Amino acid sequence: MTSQDFRAAAPRDPAHRTEPTEQQSWDQRIAALSSEHPLKRDEMANSALIRTLRGLDAPHTPVWFMRQAGRSLPEYREARVGTGMLEACLTPALAAEITVQPVRRHGVDAGIFFSDIVVPMKLAGVGVDIVAGRGPVLDEPVRTAADVAALPELPDAALDPIREAVSRTVELLGDTPLIGFAGAPFTIAAYAVEGGPSRDHLRPRTMMHADPQAWDALAQWAARTSGAFLRAQVEAGACAVQLFDSWAGSLSLADYLEHVQRHSTDALGAIADLGVPRIHFGTGTGELLAAMRDAGADAVGVDYRIPLDTAVERVGKRTVVQGNIDPALLAAPWPVLREHARDVLRRGQSALAHVVNLGHGVPPETDPEVLTKLVAFIHEETQ
């Protein structure tokens, strides 16, 4: 199938597209941003990513990859020599350089701010580090009401390195938008309760029911912390944000609705007055997609576990979707990956608009040339 065949085979329903009144709503949404914010520039507002997140036609289907700034790039590994993960995240010049590396190399349509889910916890004064081969580990888990009450609040001044890193990144990116980053309250709280990574997140799920008041207080703290982290990035120049709920797939829909959704709403609500597009992504969350949308997202990220058109059926055709190329296929022969990408593009045509991404992050062993080739293919296929 040629790109011309692809476009002819699955035209979008024009009724799905943004109406003039919605354009006015968009202008009102971003009015609170400073006059120097990149979204106030026509070039940025009309970039492929931002137009797509607004539900408008774009010159091509935009593509970026979660974990695109990471170990798959030799320049990243070189930049990180002798520098720990959290140190790299909190060194503005280095964080900016790492964020921009995949944009230079692959020609993706956005940079994703180089950070980690636990960075806001670290900035708040929580004892946490990223242990090689294991992931984030807290000095002391948070498992009682007293533990929650002792959590420090995030001082605004502690976010200054984030603001500087974002400002540097925006300058380097030019007319390519930067996506801000934060962990969702459930994932942050799950790390806190477990004290580190977990297979089943049994402890936080138990805490929801055994001590719902303590859980609620912990999730509220996490929402405030993530919300402040997002706001600092947007005010410094991020043009969209993504809230990552890495562990929400361990939840039932009932538990998500009762114990989690409102806290994600609070985190996303921290930037509601600034009006930038908000993406919400989780892994294993096929049963939660509509609820995640209703938490306050303009676009919903879909992992690789369900077909994209099935996701559209669940969130409705008035929602932008993001995803969902299977990361496992990045190591498959090119014809296999190419046809899989075509299938994802075809299924994405049923949505209001579609941002191409992986159904999870870039595996560290991925050949960078494959990603570069994939970006070029998606752009050519959808022009």
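Quantities reported herein were computed from a predicted structural model and do not represent experimental measurements. (Residues numbered from 1 in each chain as written. Predicted model: local features only at pLDDT ≥ 70, side-chain atom pairs only at ≥ 80, totals over all residues. Heavy atoms only, no water.)

## A word on the side chain of aspartate 303
In step 1: Take aspartate 303: it is sitting in the loop between strand S7 (299-301) and helix H17 (308-315).
In step 2: At 2.5 Å, the side chain of aspartate 303 forms a polar contact with the side chain of arginine 305. (Helix = DSSP H or I, 4+ residues; strand = E, 2+ residues; numbered from the N terminus. Polar contact = N/O pair within 3.5 Å; in protein donor to acceptor, adjacent residues only side chain to side chain.)

## Focus on the packing of helix H12 (residues 202-210) against helix H13 (residues 212-236)
In step 1: At a minimum axis separation of 5 Å, H12 and H13 run at an interaxial angle of 120°. With respect to H13, the element H12 is oriented oblique. The segment H12 lies against H13, with Pro204, Met207, Met208, His209 and Ala210 engaging Pro212, Ala214, Trp215 and Leu218.
In step 2: Grouping the amino acids of the contact of H12 with H13 by side-chain chemistry returns eight nonpolar, one polar and no charged. (Axes fitted to C-alpha atoms, helices over the stretch in contact; angles between N-to-C directions. Parallel < 35°, antiparallel > 145°, perpendicular 65-115°, else oblique. Contact = heavy atoms within 4.5 Å. Nonpolar A, V, L, I, M, F, W, Y, C, P; charged D, E, K, R; others polar.)

## As for the pairing of strand S4 (residues 178-183)
In step 1: Most of S4 sits inside the fold, with six of its six residues counted as buried.
In step 2: Alternating residues of S4 divide into Leu178, Gly180 and Ala182 and Ile179, Phe181 and Gly183, and every residue in both groups is buried.
In step 3: For strand S1 (residues 111-112) and S4, the ladder comprises two bridges, and the chain directions are parallel. Residue pairing for S4: glycine 111 is matched across the bridge by leucine 178. (Buried < 20%, exposed > 50% of the residue type's maximum accessible area, 1.4 Å probe, protein only. Pairing = 2+ DSSP bridges.)

## A word on the packing of aromatic side chains
Any aromatic ring pair is given by two values, namely how distant the centres are and how the planes are angled relative to each other.
In step 1: The final tally for this structure, using the stated rule, is six aromatic pairs.
In step 2: Ring geometry for tyrosine 191 and tryptophan 247: centres 6.0 Å apart, planes at 70°, overall edge-to-face. On the criterion of sequence distance, the pair formed by tyrosine 191 in helix H11 (residues 185-194) and tryptophan 247 in the loop between strand S5 (240-245) and helix H14 (253-259) is long-range, its members being 56 residues apart.
In step 3: Overall, tryptophan 247 belongs to the partly exposed group, its relative accessible area being 24%.
In step 4: Each ring, one from phenylalanine 244 and one from phenylalanine 281, has its centre 6.3 Å from the other, and the planes form 75°; the classification is edge-to-face. In this pair, phenylalanine 244 sits in strand S5 while phenylalanine 281 sits in strand S6 (residues 278-282), placing the two residues 37 residues apart along the sequence.
In step 5: Among the residues examined, phenylalanine 244 registers a relative accessible area of 11% and is labelled buried. (Phe/Tyr/Trp six-rings, centres within 6.5 Å; stacked < 30°, edge-to-face > 60°.)

## Observations concerning the nonpolar core
In step 1: Core analysis: the biggest nonpolar cluster contains 127 residues, and Trp215 and Leu218 have the highest contact counts within it.
In step 2: Per element, the largest residue contribution to this core is twelve residues, and it comes from H13.
In step 3: Setting aside its immediate chain neighbours within four residues, tryptophan 215 contacts Phe186, Ala189, Val193, Pro204, Met207, Met208, His259 and Val260. (Core = buried A, V, L, I, M, F, W, Y, C linked by side-chain atoms within 4.5 Å.)

## Considerations on helix H7 (residues 92-106)
In step 1: Along its 15 residues, H7 runs 22 Å from first to last C-alpha, staying within 8% of the 21 Å computed at 1.5 Å per residue.
In step 2: Taken as a whole, H7 has its buried residues at Pro92, Leu94, Ala95, Ala96, Ile98, Thr99, Val100, Gln101, Pro102, Val103 and His106.
In step 3: Tucked into the core, H7 has its buried residues touching helix H5 (74-79), helix H6 (85-89), S1, helix H10 (160-173), S4 and helix H19 (368-382). (Expected span 1.5 Å × (residues − 1).)

## Here we look at the side chain of histidine 106
In step 1: Mapping histidine 106 onto the fold places it in helix H7.
In step 2: Not counting residues within four places of it along the chain, the set of residues in contact with histidine 106 comprises Leu73, Pro368, Leu371, Thr372 and Val375.

## Quick notes on unusual backbone geometry
A negative phi angle characterises most non-glycine residues, just as the trans form characterises most peptide bonds.
In step 1: The omega torsion of the bond from glycine 323 to asparagine 324 falls at -15°, within 30 degrees of zero and hence cis.
In step 2: Tracing the sequence through the fold places asparagine 324 in the loop between strand S8 (320-322) and helix H18 (334-348).
In step 3: Residues other than glycine seldom take positive phi values, yet arginine 67 does so here, at roughly 60°.
In step 4: Turning to its location among the elements, arginine 67 is positioned in the loop between helix H4 (48-53) and H5.
In step 5: Its identity is not glycine, yet histidine 201 carries a phi of approximately 55°, on the positive side.
In step 6: Among the structural elements, histidine 201 can be located in the loop between H11 and H12.
In step 7: Residue histidine 201 is classed as buried on the basis of its relative accessible area of 4%.

## Comments concerning the pattern of salt bridges
In step 1: The full count for this structure, using the stated rule, is 23 salt bridges.
In step 2: Measuring nitrogen to oxygen at the nearest pair gives 3.8 Å for the salt bridge that ties arginine 278 to aspartate 298. In this pair, arginine 278 sits in strand S6 while aspartate 298 sits in the loop between helix H16 (289-294) and S7, placing the two residues 20 residues apart along the sequence.
In step 3: Within this structure, Asp309, Asp343, Arg346 and Arg347 form a network of salt bridges that share partners. (Salt bridge = Lys/Arg side-chain N within 4 Å of Asp/Glu carboxyl O.)

## Quick notes on the layout of surface pockets
In step 1: Taken as a whole, the largest pocket encloses approximately 1200 Å³ of empty space.
In step 2: Residue lining of the largest pocket: 38 residues in total, with Arg67, Arg71, Met85, Ser115 and Asp116 positioned closest to the centre.
In step 3: Broken down by class, the residue content of the lining of the largest pocket amounts to 21 nonpolar, eleven polar and six charged. (1 Å grid on protein atoms, 1.4 Å probe; cavity = no way out; pocket = protein on both sides within 12 Å on 5 of 7 lines; lining within 4 Å. Points joined across faces, edges and corners; volume = space filled by probe spheres on them.)

## Observations concerning the environment of leucine 268
In step 1: Tracing the backbone through its elements, the reader meets leucine 268 in helix H15 (residues 261-269).
In step 2: With relative accessibility at 0%, the residue leucine 268 sits in the buried group.
In step 3: Separated by 35 residues in sequence, leucine 268 and aspartate 303 have C-alpha atoms that sit 20 Å apart.
In step 4: Residues in contact with leucine 268, not counting those within four places in the same chain, are Leu243, Arg278, His280, Ala295, Gly296 and Ala297.

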